[in-house]
Amino acid sequence: MGKTVKDFLTMKKAGEKITMLTAYDAAMSRLLSNCEVDMLLVGDSLGMVVLGYDSTVPVTMDQMIHHSSAVRRGAPDAFVVGDMPFGSYQTGVRDATKNALRLVKEAGCDAVKLEGGIEVCEVVETLVRSGISVVGHLGLTPQTASQLGGYKVQGKDITGAKKMIEDARALQAAGAFCLVLECVPSELATIISNALEIPTIGIGAGGGCDGQVLVINDLLGMFEKFVPKFVKQYQNLAPEMREGVKQYVAEVKAGDFPAADQSFSCNTDYSELSDD
Ligand code: KIV
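Residues numbered from 1 in each chain as written. Predicted model: local features only at pLDDT ≥ 70, side-chain atom pairs only at ≥ 80, totals over all residues. Heavy atoms only, no water.

Undergrad: Give me the lowdown on the pattern of salt bridges, citing residues and values where you can.
TA: The tally for this structure, following the rule as stated, stands at 9 salt bridges. When the shortest N-O distance is used, the salt bridge between Lys-3 and Asp-38 registers 3.0 Å. Of this pair, Lys-3 sits in the segment before α1 (5–14) while Asp-38 is found in the loop between α2 (26–32) and β2 (39–42), placing the two residues 35 residues apart along the sequence. Of the residues examined, Asp-38 reaches a relative accessible area of 9% and is grouped as buried. (Salt bridge = Lys/Arg side-chain N within 4 Å of Asp/Glu carboxyl O. Helix = DSSP H or I, 4+ residues; strand = E, 2+ residues; numbered from the N terminus. Buried < 20%, exposed > 50% of the residue type's maximum accessible area, 1.4 Å probe, protein only.)

Undergrad: Residues and numbers for the site of the ligand, please.
TA: Taken together, the residues surrounding the ligand are Thr-22, Leu-41, Gly-43, Asp-44, Ser-45, Asp-83, Lys-113, His-137, Val-180 and Ile-203. Separating an oxygen atom of the ligand from a side-chain N or O atom of Asp-83 is a distance of 3.2 Å. For the ligand, the accessible surface in isolation is 260 Å², of which the surrounding protein chains cover 94%. In this structure the site holding the ligand corresponds to the largest pocket. Among the residues forming the shell around the ligand, the class breakdown is 3 nonpolar, 4 polar and 3 charged. (Near = heavy atom within 4 Å. Polar contact = N/O pair within 3.5 Å; in protein donor to acceptor, adjacent residues only side chain to side chain. Areas by Shrake-Rupley, 256 points an atom, 1.4 Å probe, with all protein chains shown as cover. 1 Å grid on protein atoms, 1.4 Å probe; cavity = no way out; pocket = protein on both sides within 12 Å on 5 of 7 lines; lining within 4 Å. Sits in = over half its atoms within 2 Å of the grid points. Nonpolar A, V, L, I, M, F, W, Y, C, P; charged D, E, K, R; others polar.)

Undergrad: A description of the packing of helix α7 (residues 158–174) against helix α8 (residues 186–195) should follow, citing residues and the corresponding values.
TA: Relative orientation of the contacting elements α7 and α8 amounts to 30 degrees, with a least axis distance of 10 Å. Accordingly, the angle class assigned to the pair α7 and α8 is roughly parallel. Between α7 and α8 the crossing geometry is right-handed. Of the residues in α8, those in contact with Ala-161, Met-164, Ile-165, Ala-168 and Arg-169 of α7 are Leu-188, Ile-191, Ile-192 and Ala-195. (Axes fitted to C-alpha atoms, helices over the stretch in contact; angles between N-to-C directions. Parallel < 35°, antiparallel > 145°, perpendicular 65-115°, else oblique. Left-handed = near helix turned anticlockwise from the far one by under 90°. Contact = heavy atoms within 4.5 Å.)

Undergrad: An account of the domain arrangement of the protein chain is requested, with residue identities and associated values reported.
TA: Here the domain parsing of the protein chain yields domain 1 (5–236) and domain 2 (239–273). Averaged C-alpha coordinates put domain 1 and domain 2 at centres separated by 44 Å. (Domains from an automatic or database assignment.)

Undergrad: Report on the pairing of strand β6 (residues 178–182), specifying residues and quantitative values.
TA: For β6, the tally of buried residues reaches 5 of 5 residues, placing the bulk of the element in the interior. Here β6 shows a buried face lined by Cys-178, Val-180 and Glu-182 and a second buried face lined by Leu-179 and Leu-181. One ladder, built from 5 bridges, connects strand β5 (residues 133–139) with β6; its direction is parallel. Note that in β6 the partner of His-137 across the bridge is Val-180. A crossover connection joins β5 to the parallel β6 through α7; in handedness this β-α-β unit is right-handed. By the bridge criterion, 4 bridges tie β6 to strand β7 (residues 200–203) in an arrangement that is parallel. For Glu-182, the partnering residue across the bridge sits in β7 and is Ile-203. Considered for its hand, the β-α-β crossover made up of β6, α8 and β7 is right-handed. (Pairing = 2+ DSSP bridges. Right-handed = clockwise from strand over helix to strand, strands pointing away.)

Undergrad: Break down the sheet that holds β2 for me, citing the residues and quoting the values.
TA: Strand order in the closed barrel formed by 8 strands is β1-β2-β3-β4-β5-β6-β7-β8, and the pairing between neighbours is parallel. Recorded for the sheet is a direction-independent mean angle of 25 degrees between the axes of neighbouring strands. Bridge analysis of strand β1 (residues 18–22) against strand β8 (residues 211–214) gives 4 bridges, and the strand direction is parallel. Pairing of Met-20 across the sheet is with Val-213, part of β8.

Undergrad: Can you explain the pairing of β7? Please cite residues and give values.
TA: Residues Thr-200 and Gly-202 line one face of β7 and the alternating positions Ile-201 and Ile-203 line the opposite face, and both faces are buried. Inspection of the sheet shows β7 paired to β8 by 2 bridges, in the parallel sense. Bridge pairing in β8 links Ile-201 to Gly-211.

Undergrad: Explain the side chain of Ser-55 to me, and be specific about the residues and the numbers.
TA: Mapped onto the elements of the fold, Ser-55 is located in the loop between α3 (46–49) and α4 (61–74). Ser-55 sits in the buried class, given a relative accessible area of 18%. At 3.1 Å, the side chain of Ser-55 forms a polar contact with the backbone nitrogen of Val-57. Filtering out sequence-adjacent residues up to four positions away, Ser-55 remains in contact with Gly-47, Met-48 and Tyr-151.

Now the structure itself:
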């Protein structure tokens, strides 16, 4: 049995750290479901990590549904959060509700995540009233990175920090049950975490958050395009994967693969079928 919203609030109260990792397909979510990860996030980082876009902006609802339902099939008991992609909640509460319901009903997500502060609180309130659990996302919000001056640490000055604290309180009041803090100075993330009853999940926000999230491909060393400062690579799989593929190519070219062990044979006399 997977975790519930209530469990995450209890974990915060008990001081037990929460772990979240991204997953984008059934193979990975099946693997992660044996690793005691508390929450899986089908992030719209999907766009950059899996679909080859330069940002998360082009990701569509249909792509999120496609990948979130695969993650759900691979991990039927996991607590799965699906990202609301850019454009799916900015056009009003009606569209936002329709799209969030798709993530819950079609893809089987337990909760949805959306980016922004006070400006998205009406949407958050409506979703929560409709029975949809919501995760907020503050700090560096990649969907609107161009407005933030790029992929930069947020809340470094007092004005920005005060605004982030206000946004965090507003999201909690609107009913969000959890808050992702991305690229926020550790000191500020700790202040926000201490000010809230709901748990904060940090990515590049230091150890004072109530939990941590990483992109699984970063953690495993499978995404080589760039490695953000906040990433710790627990494995370095990309070179090993390449080495395996190179060996396969070499063995096929040399006629060493497949060998008898990987081949089928039978006792039938096929001699009448061959020309010579
Ligand atoms: O899209 C994503 O993977 C995210 C995490 C980085 C928090 O939003």
